[in-house]
Amino acid sequence: MAFAGKYCKIEGDDHFHESGDDLEENKPGSSRSSSITNFFNKTNALPFRDNADLATPYLARHTTTKAGASTNFWTWLRWGVVVGLQTTLIILISIKSNNDTRTRNDLQDLAAGGEFVETGGDINGIYKTLSHTYTYLKPEEDKYVPNMTSNDNRMEIRKNWDMLMPLGSGSVLIPNYRDHPLLGDPITDDPIRSGPLFEASWTHALHCLYYSVDSYHQLIVNGPSEDDNPRHAAHCFEYLRNSILCNLDMTLEGSMSTPDDKERGQPHVCRNREEAISWIEARRMDDAQDIVGP
């Protein structure tokens with residue numbers, strides 16, 4: 001496009017002469033022709049440049065759209081996996097919880113025909129506690145703990161433990177054991193007894209405690225020997241642990257449980273031992289009274 005402004009020409013008389021002609025019209029012919037050619041050349045190039053500029057935003061938009069779609073896909077996939085795993089975990093926990101609840105409810109329903117059973121009582125309801133006693137529990141080491149320097153009083157101590165057992169050593173006959181689902185099968189590894197034989201838990205625990213005392217005594221006095229029975233020892237340790245944790249005697253103890261106050265002892269409430277012994281002896285198979293067992 002030609003420059004449309006005016007221009008001033010200085011003449012020899014120093015006066016300004018204003019011309020209304022275009023600047024292009026005052027150029028020589030060759031210059032004007034060159035300018036026109038350059039103008040059209042530049043003008044012809046504009047559409048190509050404009051087309052290139054218009055194409056650039058389209059490509060950018062197209063690339064951005066594809067990238068956005070890809071990002072959305074992976075985002076949905078990730079959250080889908082997370083939600084799926086969480087749902088599966090919740091379902092598995094719910095199933096396990098239901099199974100545990102059903103096991104507990106079934107066990108409680110089977111126990112004593114659904115009747116209440118006190119802690120430490122027979123879960124089958126075959127033996128029912130009649131009464132309790134309130135007494136002081138006193139330590140008696142001289143009577144139940146052997147001399148740790150010799151075997152001199154070992155048999156005497158064992159006899160004292162024997163006398164803690166009821167006649168029959170805690171074994172009882174339960175002919176109708178099949179009527180009690182939680183009773184299980186009778187004892188089959190007793191070398192001198194047979195039949196529908198079962199044993200009271202507290203006499204079993206007493207046997208394990210004596211075995212631990214006597215084994216420790218023999219280890220201190222004689223050292224290790226071929227007669228040691230680690231498997232039996234492990235069984236007794238675990239049996240006592242389970243028994244203690246099941247009964248959870250919650251008697252709160254203070255100074256009266258210490259050796260300094262052993263003459264008086266620690267007050268406890270206990271199941272009536274005489275009644276329990278009478279019940280066991282009424283169902284015994286024999287009169288053996290042995291803490292060690294056959």
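Here, every reference points to the structure presented above.
Remember, predicted model here, so these are calculated numbers, not experimental data.

Undergrad: Quick question: what am I supposed to make of the overall build of the protein here?
TA: A count of helical and extended segments in the protein gives six helices and six strands. Taken from N to C terminus, the helices and strands of the protein fall in the order β-β-α-β-α-α-β-β-α-α-β-α. The buried share among the 294 residues of the protein stands at 20%. Sequence-distant contacts, at least 24 apart, represent 68% of the contacts inside the protein between residues at least 6 apart. Of the roughly 21,600 Å² of accessible surface on the protein, a fraction of 58% belongs to carbon and sulfur atoms.

Undergrad: Before we go on, may I ask you to explain the packing of aromatic side chains in this structure?
TA: Under the criterion given, the structure shown has four aromatic pairs. When the ring of Trp161 is compared with that of Tyr210, the centres are 5.4 Å apart and the planes differ by 55°; the resulting orientation is tilted. Here Trp161 is found in helix H3 (residues 154–162), whereas its partner Tyr210 is found in helix H4 (residues 201–222), with 49 residues between them in sequence. Ring geometry for Tyr177 against Phe198: centres 5.8 Å apart, planes inclined by 50°, an arrangement best described as tilted. Residue Tyr177 is found in the loop between strand S4 (171–173) and strand S5 (197–199), and its partner Phe198 is found in strand S5; the two are separated by 21 residues along the sequence. Here the two residues Tyr177 and Phe198 agree in accessibility, since each one is buried. Three or more aromatic residues link up through ring pairs in this structure, and these residues are Tyr144, Trp161 and Tyr210.

Undergrad: How should the nonpolar core be read in this particular structure?
TA: Side chains of nonpolar character tend, in soluble globular proteins, to be buried together. Tyr127, Val172, Ile174, Tyr177, Leu183, Phe198, Ala200, Ala276, Trp279 and Ile280 together form the largest nonpolar core, which totals ten residues. No other element matches the three residues that helix H6 (residues 273–281) contributes to this core. Grouped together as the second largest cluster of nonpolar side chains are eight residues, Ile157, Leu206, Tyr210 and Val213 included.

Undergrad: Just to check I follow, could you spell out helix H5 (residues 230–247) for this structure?
TA: Think of an α-helix as 3.6 residues a turn; residues three or four steps apart then line up on the same face. Between its terminal C-alpha atoms H5 stretches 26 Å, which fits the 26 Å expected from 18 residues at 1.5 Å a residue. Three or more residues of H5 are buried, namely Ala233, Cys236 and Leu240. Projected down its long axis, H5 shows its buried positions confined to an angular sector of 65°, all on one face. Across from the buried face of H5, at angles greater than 90 degrees, the exposed residues are Pro230, Arg231, Leu245 and Cys246. Buried residues along H5 sit against H4. Phi turns positive, to about 45°, at Leu248, one or two residues after H5.

Undergrad: How should I be thinking about the packing of H4 against H5 in this particular structure?
TA: Packed helix pairs are specified by the crossing angle of their axes together with the interaxial distance, meaning the distance between the axes. Where H4 contacts H5, the two axes come as close as 9 Å, and the packing angle between them is 130°. Taken as axis vectors, H4 and H5 run oblique relative to one another. The way H4 lies across H5 gives a crossing that is left-handed. Contacts from Ser201, His204, Ala205, His207, Cys208, Leu209, Tyr211 and Ser212 of H4 reach H5 at His232, Ala233, His235, Cys236, Phe237, Tyr239 and Leu240. Split by residue class, the contact of H4 with H5 holds nine nonpolar, six polar and no charged.

Cut-off values and rules
- Residues numbered from 1 in each chain as written.
- Predicted model: local features only at pLDDT ≥ 70, side-chain atom pairs only at ≥ 80, totals over all residues.
- Heavy atoms only, no water.
- Helix = DSSP H or I, 4+ residues; strand = E, 2+ residues; numbered from the N terminus.
- Buried < 20%, exposed > 50% of the residue type's maximum accessible area, 1.4 Å probe, protein only.
- Contact = heavy atoms within 4.5 Å.
- Areas by Shrake-Rupley, 256 points an atom, 1.4 Å probe, with all protein chains shown as cover.
- Phe/Tyr/Trp six-rings, centres within 6.5 Å; stacked < 30°, edge-to-face > 60°.
- Core = buried A, V, L, I, M, F, W, Y, C linked by side-chain atoms within 4.5 Å.
- Expected span 1.5 Å × (residues − 1).
- Arc of directions from axis to C-beta.
- Axes fitted to C-alpha atoms, helices over the stretch in contact; angles between N-to-C directions.
- Parallel < 35°, antiparallel > 145°, perpendicular 65-115°, else oblique.
- Left-handed = near helix turned anticlockwise from the far one by under 90°.
- Nonpolar A, V, L, I, M, F, W, Y, C, P; charged D, E, K, R; others polar.

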